[in-house]
Every structure is written in structure tokens, then in C-alpha cells.
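The residues making up each chain are set out below.
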Amino acid sequence: MNDAMSASLNDEMMKNIDWSKLGFHYTEPDYIVRAACHEGVWEEPYATQDKYLHLHVSATCLQYGQEAFEGLKAFRGVDGKIRLFRWRENARRMAKSAEGLYMRPVPEELFGRAIRLALEKNIDFVPPYGTGATLYFRPLLIGTTPRLGVGPGRDFEFVVIPSPIGPYYPGKFHCTSFIVNRHVDRAAPFGTGQFKVGGNYAASFRATEAAHAQGYDCLFLDAKYHRYIDECSAANFIGIKECTKEQSTMYKVEYLTPLSSAILPSITNDSLMTLAKERGIKVTRRRILLEELSEMTEAAACGTACVISPIDKVVDPEQGRTYSFGSEPGPVLSELYHALRDIQFGRAEDRHGWTEVIEIKN
Ligand code: PLP
Ligand code: COI
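Just so you know, these numbers come straight off a predicted model, no measurement behind them.

Asks: Just to check I follow, could you spell out unusual backbone geometry for this structure?
Replies: Most peptide bonds take the trans form, and the phi angle of most residues other than glycine is negative. Positive phi outside glycine occurs at Arg 86, with the angle close to 45°. As for its position among the elements, Arg 86 is in the loop between β6 (82-85) and α3 (87-100). Phi is positive for Val 307, which is not a glycine, with a value near 65°. Looking at the secondary structure, you find Val 307 in strand β16 (residues 307-316). Residue classification places Val 307 among the buried positions, given that 25 C-beta atoms sit within 10 Å.

In C-alpha cells form, the structure reads like this:
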């Protein structure tokens, strides 16, 4: 498709965007942003309306899975300003994923320029305040060197794909149910689970699709013992426990989240931990036995896409157990959800410098 055709297709689509009905689906933006790296040298990111890559069939991303991606959002605030949330953390995590797969990391400042350019060129796709929708960016890094011999390539392409999105789980802040699967591992303890690479997601599809077929999302356990909680589909796990007087005289509640070398270090989880500590909640990151769910009063999945998605139940068919948390979001996680949303949408003071207001030149 040429540029003019793509632009007119978008004009059509813009008319049809019902922001408040958007789900977590791709809507074609006007522009994507690209930058290539050859011989270790990155070119300056540029915007293009062409959404197709001209890729060699033997590119290392296709043959050997040399691919990493990210996900971050721009928010239209209550004051009309556009804020990017913690983009440097995404840039740093992508650099780690790149190193994990022997790819050339995208320099942090170049990552930032690419995101800002993608925002500037797609400004009409930033959803209005109050719709709950945001402009999501999917930065993607792929190996483009043609190779048949097994090994990493030397050439890379960095792409930023923007798309306006609604909530990951339909409904504003509602509960999801999870099912345990001990027959499919998402990532090994010393594998690539800590990196955001496509292979982890492909590896999880057998389990997630089987879960969806039964009306659940998949709860992954650690791959070695199948005893500890790793991740909730494509999100980190959070559990809330009440502290007894014997456990602590200082804290009433504890925020628990898994410590595991196989899970993605979530930027949302990191932010929520900070907000929890500020509210006098004890925050603990450690291995969490599946059975400990029975001691928790609230549980949730967290990530950029869903922010916090409370869990109403976790079913473990093999052990014949169901852990229930009630069908309404609990008070602790609700408070943290709203605290984070308030910062992202400019309703509360950003005391941690997590947001960057982006001025768009006309
Ligand atoms: N875990 C996995 C496997 C993910 O794909 C994501 C999403 O990025 C997360 C956790 C949450 O991470 P973040 O909060 O940085 O989006
Ligand atoms: C997230 O952004 O929270 C995710 O879980 C990423 C997923 C949509 C690939």
C-alpha cells in the first residue's frame, strides 16, 4: 500500500474510533518509526507510513528468534497534557533483553527520540481524557542479518509501533480468574523469562490458549519445582496478606510479589511497590508457594496493559483446589490502582518523576 492510500485509510478509521470502546487491539496509526543499526552504528529514527518491513527470509529474527519488544503508554491528562510513563525504564529493560539475545542495544536517548517522534506524528491518536484509553507504544527490536548457520546476526532494526488502546481486560477494573498449568513452562530459571522476548510468549501459547478455552487466564508456576508462583499470563503476580500482631506490630498488611529469575521485572509492579511502601504497607519480594494463596485476602495481575487486574479465583485442577478472593476488587489493590492511575492521568502529584510531559510543536 502506498502512503496516500494508507493516509486515506486512516482518515476513514479516525472517524470510526470510539475511544471508550477500544480494547487491547491494534488500530493502524498514521506513522511508525524506524531506525536501523549496521556495523554497530544506529541511524537516526525516522517516521514512515509504510507499515511493512522489507526483510530477508533468512533474517535472524525469523530463523532464530532474535527479537525483543517493549510496551509503554502515553496518557492524556486531566489538564490536557500528554504524559509518557517511565519510558527510560522500558529503554533500559529493552537494552537488557537485547543483551540477553545477543542484539545491539538501542541507545536510551535514541529510544526516547523514537517514542517522542512516534507520538508527535500520531498526535491525533492520543485518546481524549476520560475515555480510559491511552496511546500504547510497542517498541520492537529484530535481528535482520541473513544467516542460515546458527548464531546471532550483526544488523538490527528498531521499530516503534503506536496504537491507541483501551483496557487489556474489558470492563474498567474487574476481576479475572486463573488456572494453574503444570504441563507447560513459560520460561526456565536460567532462561529468557527475565527478558521481554517474543519466544517467551510463543512458548506460553499452549498454556494460555488452553486456559482461555476453559474461561481462564494461565497462572505459571516455576519451571523447576512447579510449586512457586511465577507469573500471571503476561503479567506479574501480587498478593495481599493481613499481618497478624505476632508477625508485625508495624504493619497491618503485606504486599507480596514473586522473586524469580524467570519472570519479567515489571515496571508497573515496581511503581506499585513504591506506592504501597508510601502507604505503610510491608512490601516483600520472595518465592511464594502456590498454597500460600489461601492466606491472601487479595490477589492481582499487574502490567502496563492491565495496570492491576484483580483475581477473583485461582483454580488448581490437579490438586482439586480453588483459591477465592471475592468477585469485587479488594480495598488495598483498589487504592494502589487509583493512586497509580491518578499519577498517570495527572490528577495527583508525581513525586517520583515517573511521568514526562511531552510538548508537541505545531
Ligand atoms: N510479565 C510479562 C511476561 C509481561 O509481558 C509484562 C508486560 O510487559 C509484565 C510482566 C508487566 O511488565 P510492565 O509492568 O513493565 O508492563
Ligand atoms: C503488558 O503490557 O502489561 C503486557 O502484559 C504485555 C503484553 C500485552 C504483551
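Right, picking up where we left off after that structure.
Asks: Just to check I follow, could you spell out the site of ligand 1 for this structure?
Replies: Close to ligand 1 lie Gly 71, Glu 231, Ala 234, Ala 235, Asn 236, Leu 264, Ser 266, Ile 267, Thr 268, Asn 269, Gly 303 and Thr 304, which account for all nearby residues. Listed by contribution, the elements that provide at least two residues to the shell around ligand 1 are β12 (235-242) and α6 (267-278). Looking at the shell around ligand 1, the element that brings in the most residues is α6, giving 3 residues. Looking at the shell around ligand 1 residue by residue, the class counts come to 4 nonpolar, 7 polar and 1 charged.

Asks: Honestly, the packing of α3 against helix α4 (residues 108-121) in this entry has me stumped. Any pointers?
Replies: One can describe the packing of α3 onto α4 by two numbers: an axis separation of 9 Å at closest approach and a directional angle of 125°. Considering their axes alone, α3 and α4 lie oblique with respect to each other. For the element pair α3 and α4, the recorded crossing hand is right-handed. Each of Trp 87, Arg 88, Ala 91, Arg 92 and Met 94 in α3 lies in contact with α4, whose residues at this interface are Glu 108, Phe 111, Gly 112 and Ile 115. Partitioning the contact of α3 with α4 into residue classes produces 5 nonpolar, 1 polar and 3 charged.

Asks: What's the story with the environment of Thr 27 in this structure? I'm lost.
Replies: With respect to the helices, strands and loops of the structure, Thr 27 is situated in the loop between α1 (3-16) and β1 (32-38). A C-alpha to C-alpha distance of 22 Å links Thr 27 and Gln 344, two positions 317 residues apart in sequence.

Asks: Would you mind going over the domain arrangement of the protein with me for this structure?
Replies: You'll often see interface size given as the accessible area lost when the parts meet. The assigned domain composition of the protein is domain 1 (16-165) and domain 2 (176-344). Taking the mean C-alpha position of each, domain 1 and domain 2 sit 26 Å from one another. In this complex, domain 1 contributes 20 residues to the contact, which on the side of domain 2 involves 11 residues. Of all elements in the fold, only β4 (67-69), β5 (72-76), β6 and α3 reach the threshold of two or more residues within the side of domain 1 that touches domain 2. Here the element with the most residues in the side of domain 1 that touches domain 2 is α3; it accounts for 6 residues. Classifying every residue of the side of domain 1 that touches domain 2 by side-chain character gives 7 nonpolar, 5 polar and 8 charged.

Reading guide: rules and limits
- For every chain, the first residue of the written sequence is number 1, and numbering continues from 1 onward in sequence order.
- Chain A is the first chain written and ligand 1 is the first ligand written, with later ones labelled in order.
- Local features are withheld for residues below a pLDDT of 70 in this predicted model, meaning they are given only at 70 or higher, and side-chain atom pairs are given and counted only at 80 or more; totals for whole chains, interfaces and linings count all residues.
- Counting from the N terminus, the helices are the DSSP runs of H or I reaching at least four residues and the strands are the DSSP runs of E reaching at least two.
- We call a residue exposed when 12 or fewer other C-beta atoms sit within 10 Å of its C-beta, buried when the count reaches 20 or more, and partly exposed for counts in between; the C-beta positions come from the backbone.
- Using a C-beta atom placed from the backbone, a residue is scored as near a molecule or strand whenever that atom is within 6 Å of it.
- When residues are sorted by character, Ala, Val, Leu, Ile, Met, Phe, Trp, Tyr, Cys and Pro go into the nonpolar class, Asp, Glu, Lys and Arg into the charged class, and all the rest, Gly among them, into the polar class.
- Comment: axis = line fitted to C-alpha atoms, over the contacting stretch for helices; angle = value between 0 and 180 degrees taken between N-to-C directions.
- The cut-offs work like this: below 35 degrees is roughly parallel, past 145 is roughly antiparallel, 65 to 115 is roughly perpendicular, and the gaps in between are oblique.
- The handedness criterion is simple: a crossing whose near helix is rotated anticlockwise from the far helix by less than a right angle is left-handed, and one whose near helix is rotated clockwise is right-handed.
- We call two residues in contact if the C-beta atoms placed from their backbones are at most 7 Å apart.
- Throughout the structure description, domain borders are defined by an automatic or database domain assignment.

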